[in-house]
Amino acid sequence: MRITPTDVDVPDIQPDFSAPFFQGFQVVASYILAGAMIVVLIMLIIAGAALAFRGLASDRVRTWAGENILWIFIAAAVLGAASGLFQWFVNFDFGF
């Protein structure tokens, strides 16, 4: 006796795509993005203030700010774009 595909009764399969741990991943990623954005914002404020006000910072800080302010702007733009995409796709959640 030969079995053909029409002889087998396969029930409809309904996959369950809900994974509760993904919400935890989203909260952790939100915390990391928010923390990085705060650090870059503080760096940007320090670098801008060091360059704007001559007597506020030492020569080393002004030299650091002059050399790295472009990279800080780029980091702020990249983090802002990543946070915006993250918010668009999976919801920016601070876990409150």
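Now for a quick tour of the structure. Residue indices follow the written sequence of each chain, beginning from 1 at its first position. At least 70 in pLDDT is required for a residue's local features to be given in this predicted model, at least 80 for side-chain atom pairs to be given and counted, and no such filter applies to totals for whole chains, interfaces and linings, which use all residues. Neither water nor hydrogens contribute to the side-chain values; these are computed over all heavy atoms in the structure.

Some remarks on the overall build of the chain
And step 1. Of the regular secondary structure elements, the chain holds two helices and zero strands.
And step 2. The buried label applies to any residue whose accessible area, calculated with a 1.4 Å probe on protein chains only, is under 20% of its type's maximum; exposed applies above 50%, and partly exposed to all values in between. Sorting the 96 residues of the chain into buried and exposed places 16% on the buried side.
And step 3. In what follows, a contact means two residues having at least one pair of non-hydrogen atoms within 4.5 Å. Restricting the contact set of the chain to residue pairs at least 6 apart, pairs at least 24 apart contribute 63%.
And step 4. Accessible surface, the chain as shown: approximately 8,000 Å² in total, 69% of it carbon and sulfur. Strands are runs of DSSP state E lasting at least 2 residues, helices are runs of H or I lasting at least 4, and numbering of each runs from the N terminus. In these tables, accessible area is a Shrake-Rupley quantity obtained with a 1.4 Å probe, and a residue counts as shielded only by the protein chains included in the view.

Description of helix H2 (residues 59–90)
And step 1. Multiplying 1.5 Å by the helix residue count minus one yields the expected span of that helix. Taking 1.5 Å as the rise per residue, H2 with 32 residues should run 46 Å; its terminal C-alpha atoms sit 44 Å apart, in good agreement.
And step 2. Roughly 55° is the biggest bend found in H2, and it falls at Asn68. What we call the bend at a residue is the angle made by axes fitted to the seven residues finishing there and the seven residues starting there.

Re the environment of Arg62
And step 1. With respect to the helices and strands, Arg62 occurs in helix H2.
And step 2. Expressed as a C-alpha distance, the spacing of Arg62 and Gly48, which sit 14 residues apart in the sequence, is 9.3 Å.
And step 3. Residues contacting Arg62, with those up to four places away along its chain left out, are Ala50, Leu51, Arg54 and Ala57.
And step 4. Engagement of the side chain of Arg62 in a polar contact is seen with the side chain of Asp59, the distance being 2.2 Å. The term polar contact refers here to a pair of N or O atoms within 3.5 Å; inside protein, the definition further demands a hydrogen-donor-capable atom paired with an acceptor-capable atom, and it admits residues adjacent in sequence only when both atoms are side-chain atoms.

Comments concerning the pattern of salt bridges
Opposite charge on two side chains allows them to pair when their charged atoms are near.
And step 1. A pair is scored as a salt bridge if a Lys or Arg side-chain nitrogen falls within 4 Å of a carboxyl oxygen belonging to Asp or Glu. Inspection of the entire model under this criterion finds one salt bridge.
And step 2. With a shortest N-O distance of 2.2 Å, Asp59 and Arg62 are connected by a salt bridge. Linking Asp59 with Arg62, this pair stays in helix H2, spanning three residues, or about one helical turn.
And step 3. For Asp59, a relative accessible area of 53% gives the class exposed.

Quick look at helix H1 (residues 21–52)
And step 1. Taking 1.5 Å as the rise per residue, H1 with 32 residues should run 46 Å; its terminal C-alpha atoms sit 46 Å apart, in good agreement.
And step 2. Those residues of H1 that are buried are in contact with H2.

Regarding a nonpolar patch on the surface
And step 1. A cluster of nonpolar side chains, namely Ile38, Val39, Ile42, Met43, Ile46, Val61 and Trp64, defines an oily patch on the protein surface of about 570 Å² accessible area.
And step 2. Mapped onto the nonpolar patch, the elements with two or more residues apiece are H1 and H2.
And step 3. By residue number, the principal contributor to the nonpolar patch is H1, which donates five residues.
And step 4. A relative accessible area of 45% means that Ile42 is categorised as partly exposed. Residues qualify for a patch when their relative accessible area is over 30% and they have no salt bridge, like charges being joined within 9 Å and the nonpolar side chains of Val, Leu, Ile, Met, Phe, Trp and Tyr within 5 Å.

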